[in-house]
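A closer look at the structure
In case you want the letters, here they are:
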Amino acid sequence: MKKSILAAALFVSAISSVPAFASEIAPSVDKQTCEKAVYPKSALMNEETGTVVLSILVGPDGAVVDSKVEKSSGSKALDKATQKIYSSCKFKPGAKDGKPQQAWTKLEYVWSLS
């Protein structure tokens with residue numbers, strides 16, 4: 001049975017970009033720098049779908065320092081693929097009092113088949 005991938009993702013949705021203080025700015029992703037999403041073969045064969053919520057630690061240079069799954073899609077393959085996509089992205093770093101700083105941000109990625 002052949003399935004087409006209508007939307008591998010509803011790309012990047014910032015979940016918590018609201019800073020704790022007015023002088024703080026949360027990191028934001030530059031979508032154009034991210035690796036293209038590739039549906040994992042095992043997830044495709046098993047018709048797995050879902051939404052992954054990641055916490056991403058962005059360094060002052062805009063590079064990803066760390067990431068962790070906050071909410072799993074229910075598929076380890078989709079969770080790992082999402083981490084791979086975002087680890088390749090460049091971000092506009094967070095800032096405090098106008099100075100770039102390391103900060104966490106949350107993003108979600110939706111995997112769907114049709």
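This report concerns the structure included in the present document. Not measured: the values here are computed from a predicted model. Counting of residues starts from 1 at the beginning of each chain's written sequence and follows it residue by residue. Under the rules for a predicted model, residues below a pLDDT of 70 receive no local features and side-chain atom pairs below 80 are neither given nor counted, while totals for whole chains, interfaces and linings still include all residues. Side-chain descriptors were evaluated using all non-hydrogen atoms of the structure, hydrogens and water having been removed beforehand.

We now examine the pairing of strand β4 (residues 50–58). With eight of nine residues buried, β4 lies mostly within the body of the structure. Only strands that DSSP links by at least two bridges are regarded as paired with each other. Working definition: helices are DSSP H or I runs of at least four residues, strands are E runs of at least two. Numbering for both runs from the N terminus. Pairing analysis gives nine bridges linking β4 to strand β9 (residues 103–111), with the strands arranged antiparallel. What sits directly across from V58, in β9, is A103. Summarising the sheet, β4 and strand β5 (residues 64–71) pair through six bridges and their orientation is antiparallel. Bridging from a neighbouring strand, L57 pairs with D66 of β5. Hairpin connection between β4 and β5: a loop of five residues separates the two successive antiparallel strands, and G62 in this loop has a positive phi of roughly 90°. Burial classes follow relative accessibility: with a 1.4 Å probe on protein chains only, a residue under 20% of its type's maximum area counts as buried, one over 50% as exposed, and anything between as partly exposed.

To continue, consider helix α2 (residues 76–87). Residues that lie three or four places apart on an α-helix share one face, since the helix turns once every 3.6 residues. How far a helix is expected to stretch is found by multiplying one less than its residue total by 1.5 Å. The first and last C-alpha atoms of α2 sit 16 Å apart over 12 residues, in line with the 16 Å expected at 1.5 Å per residue. Of the positions making up α2, those classed as buried are L78, D79, A81, T82, I85 and Y86. Projected down its long axis, α2 shows its buried positions confined to an angular sector of 165°, all on one face. Facing away from the buried side of α2, by more than 90 degrees, are the exposed residues K76, K80 and K84. Note on contacts: a residue pair is in contact if any heavy atoms of the two residues lie within 4.5 Å. Packing partners of the buried residues in α2 comprise α1 (41–45), β4, β5, β6 (90–92) and β9. The arc in question is traced by the directions running from the helix axis to the C-beta atoms.

In this section: the environment of P40. Within the secondary structure, P40 sits in the loop between β3 (28–30) and α1. Along the primary structure P40 and K80 are separated by 40 residues, whereas in three dimensions their C-alpha atoms are 9.2 Å apart. Ignoring any residue separated from it by four or fewer positions in sequence, one finds P40 in contact with A77, L78, A81 and W111.

Our focus in this paragraph is the state of the cysteines. We call a pair of cysteine sulfur atoms a disulfide whenever their separation is within 2.5 Å. For the coordinates displayed, the defined rule picks out one disulfide. In this model C34 forms its disulfide with C89; the gap between the sulfur atoms is 1.9 Å. Looking along the S-S bond of the C34-C89 disulfide, the torsion reads about 120°, which is the right-handed sense. Pair noted here: C34 is in the loop between β3 and α1 and C89 is in the loop between α2 and β6, with a separation of 55 residues, a long-range link. C89 carries the same exposure label as C34, and that label is buried.

A few words on the packing of aromatic side chains. Aromatic pairs are defined between Phe, Tyr and Trp rings, using the six-membered ring for Trp, whenever the two ring centres lie within 6.5 Å; interplanar angles under 30 degrees are classed as stacked, those over 60 as edge-to-face, and all others as tilted. Taken as a whole, this structure holds three aromatic pairs when the rule is applied. Arranged with centres 6.2 Å apart and planes meeting at 85°, the rings of Y86 and Y109 form a pair that is edge-to-face. One end of the pair, Y86, is in helix α2; the other, Y109, is in strand β9, with 23 residues separating them in the sequence. Of the residues examined, Y86 reaches a relative accessible area of 1% and is grouped as buried. With a centroid separation of 4.8 Å and 50° between ring planes, the pair formed by Y109 and W111 is classed as tilted.

So yeah, pure geometry; function would need other evidence.
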